[in-house]
Every structure is written in structure tokens, then in C-alpha cells.
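One-letter residues, chain by chain:
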Amino acid sequence: MNRQTIAAARAAALRAELQHHAHRYYVLDAPEIPDADYDRLFQELQAIEAAHPELLTPDSPTQRVIGAVLDGLVPVRHQVPMLSVHTETDTTPAGAEKFDARVRKALGLADDAPPLVYHAELKFDGLAINLRYEHGELVQAATRGDGETGEDVTHTVRMIATLPKRLRGVTAAVLEVRGEVFMRRDDFEALNERQRKLIEAGARGEKTFVNPRNAAAGVVRQLDAAKAAKRPLSFFAYGLGEVLGWAAPATQGGVLAALGKMGVPVSPDSAVALGAEGLVRYHERIAARRDSLPFDIDGVVYKVDDLGLQAALGFKSREPRWAVAHKYPAQEQTTLLQGIDVQVGRTGKLTPVAKLAPVFVGGTTVSNATLHNQDEIDRKDVRIGDTVVVRRAGDVIPEVVGVVAARRPADAQRFDLYARLGGHCPVCGSAITREEGEVDWRCSGGLFCAAQRKQAILHFAGRRAMDVEGLGDKLVDQLVDAAVVRTLPELYGLDVAKLSALDRMAGKSAQNLVDGLAKSRQTTFARFLYALGIRHVGETTAKDLARHFGQLDRLIDASEAQLLEVADVGPIVAQSIHTFFAQPHNLDIVRELRACGIEWKEDDGTADPTPKPLLGLTFVLTGSLPTLSRDDAKDRIEAAGGKVSGSVSKKTHFVVAGAEAGSKLDKARELGLAVLDEAALLAMLARAGRA
Ligand code: IVH
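All figures in this text were calculated on a predicted structure; none of them were measured in a lab. (Residues numbered from 1 in each chain as written. Predicted model: local features only at pLDDT ≥ 70, side-chain atom pairs only at ≥ 80, totals over all residues. Heavy atoms only, no water.)

Student: Explanation requested: the overall build of the chain in the structure shown.
Tutor: Looking only at helices and strands, the chain has 26 helices and 24 strands in total. Along the three orthogonal principal directions, the C-alpha set of the chain runs to about 95 × 65 × 55 Å. Counting across all 691 residues of the chain, residues that qualify as buried make up 48%. Taking the contacts inside the chain whose residues are at least 6 apart along the sequence as the reference set, 67% of them involve residues at least 24 apart. As displayed, the chain has an accessible area near 32,800 Å², and 53% of this comes from carbon and sulfur atoms. Where the 86 positive side-chain charges of the chain centre and where its 91 negative ones centre are 2 Å apart. (Helix = DSSP H or I, 4+ residues; strand = E, 2+ residues; numbered from the N terminus. Buried < 20%, exposed > 50% of the residue type's maximum accessible area, 1.4 Å probe, protein only. Contact = heavy atoms within 4.5 Å. Areas by Shrake-Rupley, 256 points an atom, 1.4 Å probe, with all protein chains shown as cover. Lys, Arg positive; Asp, Glu negative; His and termini not counted. Charge placed at Lys NZ, Arg CZ, Asp CG, Glu CD.)

Below, the structure written as C-alpha cells:
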């Protein structure tokens, strides 16, 4: 085969592949590959066509705006075509300089002519929408489609809360506003969470979305407007379509400001930029903020600000010469899944982690990404050997969002977490367990498991537990990483000399911690129990257990049946406590801790019980009380025998409400419950004290 034939074959293959992916992306809202991969294929085709112009066909994806109309939505012909902008994929500052140089050349500007004024905007990662207002009234919303004909999506776009149905102070016969519909990251996470629950509950035809852009596209093109209304979308305007009867301002910045005054959402992050230098600065400034924006952007867009100059510059192969999209490093890439490791989290949660062929995504090289849990692996049908799509956006940890099914090798291997681990924690060897209805497997090793130690130590030292002053999370990290503290009892072996050997440890803080540890030795049975961090044993349960058993040894020896006798201890809690004390290493730790001098007054059960006038009464605290902290109020109610619950129900006896009480107070009123303020609570406690 000669060169020409090879190029022709490759071009045809690329066209077919691009067509396939464009259909998945634009029509089905279900892309198989990330944008960055699509861009690469596109550029390869562009390069071939540039080198072999005779191979260029009018229907090549490089020659038209791709997209087609989905069955079910009504086609809308755009009065003014909706075009795309040229993408500058050079993500370095040179990308901005090249654009400025092209524009200056096209305008015939001399090298020493003053810098051009640009309008720089965010490139929102959603979908383009044309909003048609007639006499100020929103009459139609349409997608871009193929640029000539889009789809009528008025029914879903009308549901966007921030979009005006009527423009303020506008009489123009026709005013078409163009902009991007997108989904904020927090809205996207919440939507997927709800979708996962629906799927778990067996709902048919429901799916999760791979990224906010896809979710937005899916919602906009949803046929059922009521469903769309529950899925929050956002909108920012960036331009105009057909305009009749309105004298538009002379600049892009002026147009957006005018739209803003009419009540149309416009981004506050646009800016006027002077020359290439200004564009580069904008690109860098936004890059630094990209991760903290509440929505995804895939770059910035530069536009010649003066609309007169825009008209003079015109178009080249259906792309405006006056605008360019300058990209940032992609937040999604494909790479090879080489293996799956299991990581033990701070609470014993076992997370499958993808071991990837290193890939540059979201600005860094990523070789590990979370697979969340076994259910997610099964749902996405991820197999070792697959080509997977990795996403890293914002400060969210990198995750595997899907598989490129077409690139699966014949020997790709399924992964089963339990089988792989042989039922044992990879760090400490303890049994792994999964409770009914939960997706996560957990290590049952508790305090014994190294991976859980940091969290265990922090919990142990917490204010509501052993209350060790001077032990924060940075120090715990240091102590564990340097292997100075491997077990809880070793905390009590710390002295100023050992601590001062640590990096950045001042003598004063060392002494503070030693004093804090000494003070913490005097505690209560309930605090000690809570401090152990037994799963499902929160503060209240710890208090109930302490009261019921009186002595640690009795609790340790209790059978599950005996544990079930404790008020509010159900089978799951009973089993968890029993399992904990059945592990010899946990018993060792408890014994060693006591040998460190931790003590409390044990109640052998013969002493007169203190009066509990609030026994059997359940309280809910909401809002902030004028003098008591939430913890103080809770302690006082519990000392008098009452219970404090986190949520209002028919079983609640009193709701104690302070300033800015929210939905709990509403619920209390709805249920007709007694509502107390702090003074009434204190009066009740005072009476209780005399009783
Ligand atoms: S201007 C003729 N400005 O990116 C110029 N587009 O290919 C029309 N986009 O289809 C586009 N933010 O969906 C423009 N500030 C912005 C944008 C923006 C996002 C999207 C839009 C367009 C694509 C560019």
C-alpha cells in the first residue's frame, strides 16, 4: 500500500470512529470515551486532511457541527446558526499568544499597534442553549443540535429556577439569548446519590451519570418536565442569537452586562483582558481557581470585545475568527487498569483502589483512583485489563467513572473483593464483614489494625471521650507515621523527651500533651467505653452500657442475650460489642490501658441509684441556646435520666429550641409536641434536681 492509500484508510476509519463517538455524546448523552480522547482523534483527522486535501469530504466531522435530533423532541430551526468556536488545545500560555497573533494578523495590525481589547470568559462545561424571548417573554428554548436545527427543550429549560420567564424592561420583538446550561458539582453528586438509591431499590430505567455535563444534557433532553424539575440545572449567558428591535451594546462585555440587567444569569468571572498578556493572566488566574469553582469548566473563551471588529473578522470554515476556546488539562482521561488494591480506611472501611497506568488528568499524574466499593465495580462492570475512564475534578479524589467496553481484551478479569482478600483484612488479618444492606466491607480489627489507628487515637482522645488536651490530628499523624505510638496504651508512655524528638515539636506543646494525658487518666466508665471506638457504640449507648453493667468485667463477659437486655441495644449493636470483646487483641489493649492508670469509680450495682427524674423522657435539641452549649444541655438532661435524640418523631417528648432553629422545630409544631426554650429546660432540670 502506498502512503496515499494508508492515509485514505486511516481517514475513513477516523471518520467512522468520530461519527460513532459524536452520536454517543450528542445524541445519546452516553459517551464511551472522554473529551480529550475525542479531541485527539479529531486532531489526527484534521492533520491527515491538511496533508492530503484531496481526501477531504464535505461530510467529514471536521467540516460540520456534529449532532442530530433525538426522536421524541421537536426539531427547531435556528434563525441564526449556532456555531462552535475553534479549540486551542495547547494548554500553555502560548495558546493565548497564538490566538492574539492570528487576530492581529487578520486585522492587518502592525507589530507596534496597541494591544487589542478582549473579553475573557469561563468555558462552562454543559450544553449550549438558545433562549428565544419575544416581547420579553420566554417562548422557546432549543439545543444546538447540528447548529442549523436543534431540539425544542422549552419544557425542561423552563424549570431552571434562575432563568427569567420574562425579561426585565425589555420590549424587543425578538431577543435570543445564548448560553450554557450546566449542573453544579454539588447538585450532580446529590443527583447521583438519589439515582443510586433508586437503582438499589430496584427502579427500572434509572441510571447514574458519569459527569455533570452528561447529567445536564440528560436532564435538558428529558421528555418528562416534572422529572427534570427535580434535577437542578444552572445557566449562564454568553451571547446573542437573533435580535429584532433592540439596539445591542457595541461590545461583548456590554451585551453581557445588559443581559444581566434584564435578569439573565451572567457569570461574575468574565473580565476585559488587554492583549495577549491580559489573556495569559486571565488563563492563569482562572486555572488557580478552577478546582474551587462550584461547577466544571474545561477552559476559558477569549473573544474580541468590539462587535464591529468581530464582524470585520468574520468566519473561517464556520468558526468565528474572533473567538477561541483555550483549554485546561482535561479532567477525564482513559488509561489501563492494571490491577486493584484494597485500602483500609480510617474506620475500617475497605476501598478497592484502581492501579492505573500513570495518566495526566486534572493537572497531575494519577496512578491510583478509587473504585468506591464492590457494588460500583459490578455496576460499571470494571475488569482488570480494561481501558477505564478516570476523572479528577476539583479536590475530589480521582475516581474510575467507567469502562471503554470496545477496548476490553479477551482476558480481562473480574474482581471480587471478598474472594481476593480471602475474607481477611490486608493490613491486620482480622475477619472482614459486611452488614446487611451496606455496600462496604469492613475490617473487624478495630484498634489492632494499623490503618485504623490514627482515627482510633483521635477518637479516643476526643473531647467527649478521654478528653486528652493537646492532641490534634497533625500530632497524631506524626506520632503514628514515626511509629512512636502504635497502640492506644503507648500514648500513655509518651514523655517530653520522646515527643521533643519529633519534627517541629516545641517543648511547650510536648509538656502540654504530657499534662493532658495525665489529666485524662481520671475518667468515667462511660467515657472509657465510648473512647474504645466500638462500632455502633456512641456516647449514649456507652452511658447506657455503663449504667447497666456497672463494671467493665461484667460487660466484657456479657453474652449477646445479656447485651440485648440493655435499653436501646438491638441485635446489631449487641453483636458488634460482643465481637469486639471476643477479639483477644482488643482485650489486651483494654487491659494495658487500665494498667496505664486509667481509672474511674466502678459501680458494683449495690449503691443506691441516683434519682433519675427525667427517666423515660426523650428530648431533641435544635438551634443555639443562649447560654448552654449543645453538649452541656445534653449532659444535664442525661444526668437527670433523660435521653437526647437527634431527630424529631412522635416518640419525642420535648423539643428544646434556640436561635435559628430550623426544620426540627417545624416538625415539632407539625406533630404538636411541647417546645421548650432554655429557661424552661433549666427550670425543669432545677425541679428535677430537687425531686
Ligand atoms: S461562545 C460563536 N462562550 O463551548 C461562539 N461558548 O465550542 C459561540 N461554551 O458551543 C460560543 N462557555 O456550548 C462561548 N463563555 C462561552 C462558553 C461557550 C461554554 C460552550 C458552548 C459552545 C462551545 C464552544
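And the narrative resumes.
Student: I keep staring at helix 3 (residues 94-106) and nothing clicks. Help me out?
Tutor: Note that an α-helix has 3.6 residues per turn; residues three or four places apart therefore point the same way. With 13 residues, helix 3 should cover 18 Å at 1.5 Å per step; its first-to-last C-alpha distance of 18 Å lies within 8% of that length. Close packing links the buried residues of helix 3 with strand 2 (86-88), strand 3 (117-124), helix 9 (275-289), strand 10 (297-304), helix 10 (307-313) and strand 13 (323-327). Positive backbone phi, approximately 65°, marks Gly108, located one or two places after helix 3. (Expected span 1.5 Å × (residues − 1).)

Student: Which parts of the structure should I look at to understand the pairing of strand 15 (residues 350-361)?
Tutor: Buried residues dominate strand 15, accounting for 9 of its 12 residues. Of the pairings in the sheet, the one linking strand 15 to strand 16 (residues 364-370) comprises 6 bridges and is antiparallel in character. Bridge pairing links Val359 to Val366 in strand 16. With antiparallel pairing between neighbouring strands as the criterion, strand 15 and strand 16 make up a hairpin whose turn holds 2 residues, including Gly362 at a positive phi of roughly 60°. (Pairing = 2+ DSSP bridges.)

Student: Explanation requested: the sheet that holds strand 7 (residues 174-182) in the structure shown.
Tutor: Pairing between sheet strands relies on hydrogen bonds along the backbone, with the strands arranged either parallel or antiparallel. Here 4 strands make up an open sheet; going across it, the order is 5-4-7-8 and the pairing antiparallel. Among the strands making up the open sheet, the edge pair consists of strand 5 (137-143) and strand 8 (234-244). On average, each strand axis in the sheet is inclined to that of its neighbour by 25°, with strand direction left out of account. Pairing of strand 7 with strand 8 involves 8 bridges; the strand directions are antiparallel. In the sheet register, Phe182 faces strand 8, and the bridge partner there is Ser234. (Axes fitted to C-alpha atoms, helices over the stretch in contact; angles between N-to-C directions.)

Student: Teacher, can you tell me more about empty space enclosed by the protein here?
Tutor: Take a probe with the size of a water molecule and roll it over the atoms, and the empty space left behind shows itself. Summed over the entire model, instances satisfying the criterion amount to 2 cavities of 30 Å³ or more. Each pocket or cavity is described by its volume, and for the largest cavity that value is around 70 Å³. What lines the largest cavity is Arg185, Phe188, Glu189, Arg391, Arg392, Ala393, Val396, Ile397 and Glu399. Element by element, the count of residues in the lining of the largest cavity is highest for helix 5 (residues 185-200), at 3 residues. Computed from the structure, the second largest cavity encloses a volume of approximately 40 Å³. Considering the residues around the second largest cavity, the lining is formed by His21, Arg24, Tyr25, Pro31, Glu32, Ile33, Pro34, Asp35 and Tyr38. (1 Å grid on protein atoms, 1.4 Å probe; cavity = no way out; pocket = protein on both sides within 12 Å on 5 of 7 lines; lining within 4 Å. Points joined across faces, edges and corners; volume = space filled by probe spheres on them.)

Student: What exactly am I supposed to notice about the packing of helix 3 against helix 9 here?
Tutor: Helix-helix packing: each pair is described by the crossing angle between the helix axes and the interaxial distance. The N-to-C vectors of helix 3 and helix 9 enclose an angle of 150°; their axes lie 9 Å apart at closest approach. Put simply, helix 3 runs roughly antiparallel to helix 9. Handedness of the crossing formed by helix 3 with helix 9: right-handed. Side by side, helix 3 and helix 9 meet where Ala96, Glu97, Phe99 and Asp100 of the first sit next to Gly275, Ala276, Leu279 and Val280 of the second. Class assignment of the residues belonging to the contact of helix 3 with helix 9 gives a composition of 5 nonpolar, 1 polar and 2 charged. (Parallel < 35°, antiparallel > 145°, perpendicular 65-115°, else oblique. Left-handed = near helix turned anticlockwise from the far one by under 90°. Nonpolar A, V, L, I, M, F, W, Y, C, P; charged D, E, K, R; others polar.)

Student: I keep staring at the sheet that holds strand 24 (residues 674-676) and nothing clicks. Help me out?
Tutor: Strand order across the open sheet formed by 4 strands is 22-21-23-24, with parallel pairing between neighbours. Either end of the sheet is taken by a strand with one partner, and the two such strands are strand 22 (643-645) and strand 24. Between one strand axis and the next, the sheet turns through 35° on average, direction left out of account. Both strand 21 (residues 618-622) and strand 22 contribute to a ladder of 3 bridges, which runs parallel. Paired with Thr618 across the strands is Lys643, a residue of strand 22. Most of the contacts of helix 24 (residues 630-639) go to strand 21, to which it runs at about 170°, and overall it touches strand 21 and strand 22.

Student: What should I look at first to understand helix 8 (residues 252-261) in this one?
Tutor: Looking only at helix 8, the buried set comprises Gln252, Gly253, Val255, Leu256, Ala258 and Leu259. The secondary structure elements touched by the buried residues of helix 8 are strand 3, strand 7, strand 8, strand 10 and helix 10. One or two steps after helix 8, the chain reaches Gly263, where phi turns positive at roughly 100°.

Student: Looking at this structure, how should I read the site of the ligand?
Tutor: Taken together, the neighbourhood of the ligand is formed by 14 residues, with Glu121, Leu122, Glu180, Tyr238 and Lys303 sitting nearest. In this structure, a nitrogen atom belonging to the ligand sits 2.9 Å away from a side-chain N or O atom of Glu121. Between Leu122 and the ligand, the recorded distance is 3.0 Å, taken from a backbone N or O atom to a nitrogen atom. In the complex, the protein chains occlude 89% of the 520 Å² of accessible area that the ligand would expose alone. Counting only elements with at least two residues in the shell around the ligand, the list comes to strand 3 and strand 10. When residues of the shell around the ligand are assigned to their parent elements, the largest contribution, 4 residues, is made by strand 3. (Near = heavy atom within 4 Å. Polar contact = N/O pair within 3.5 Å; in protein donor to acceptor, adjacent residues only side chain to side chain.)

Student: Is there a simple way to think about the nonpolar core in this case?
Tutor: Side chains of a nonpolar character, in soluble globular proteins, are inclined to be buried together. Core analysis: the largest hydrophobic core is formed by 52 residues, its most contacted members being Leu471, Leu491, Leu545 and Phe581. Among the elements that take part in this core, helix 18 (residues 525-531) stands out by supplying 6 residues, more than any other. Residue contacts for Phe581: discarding those within four places in its chain leaves Leu529, Leu532, Ile534, Leu555, Ile556, Leu587 and Val590. (Core = buried A, V, L, I, M, F, W, Y, C linked by side-chain atoms within 4.5 Å.)

Note that every value here comes from positions in space, so none of it alone points to a role or purpose.
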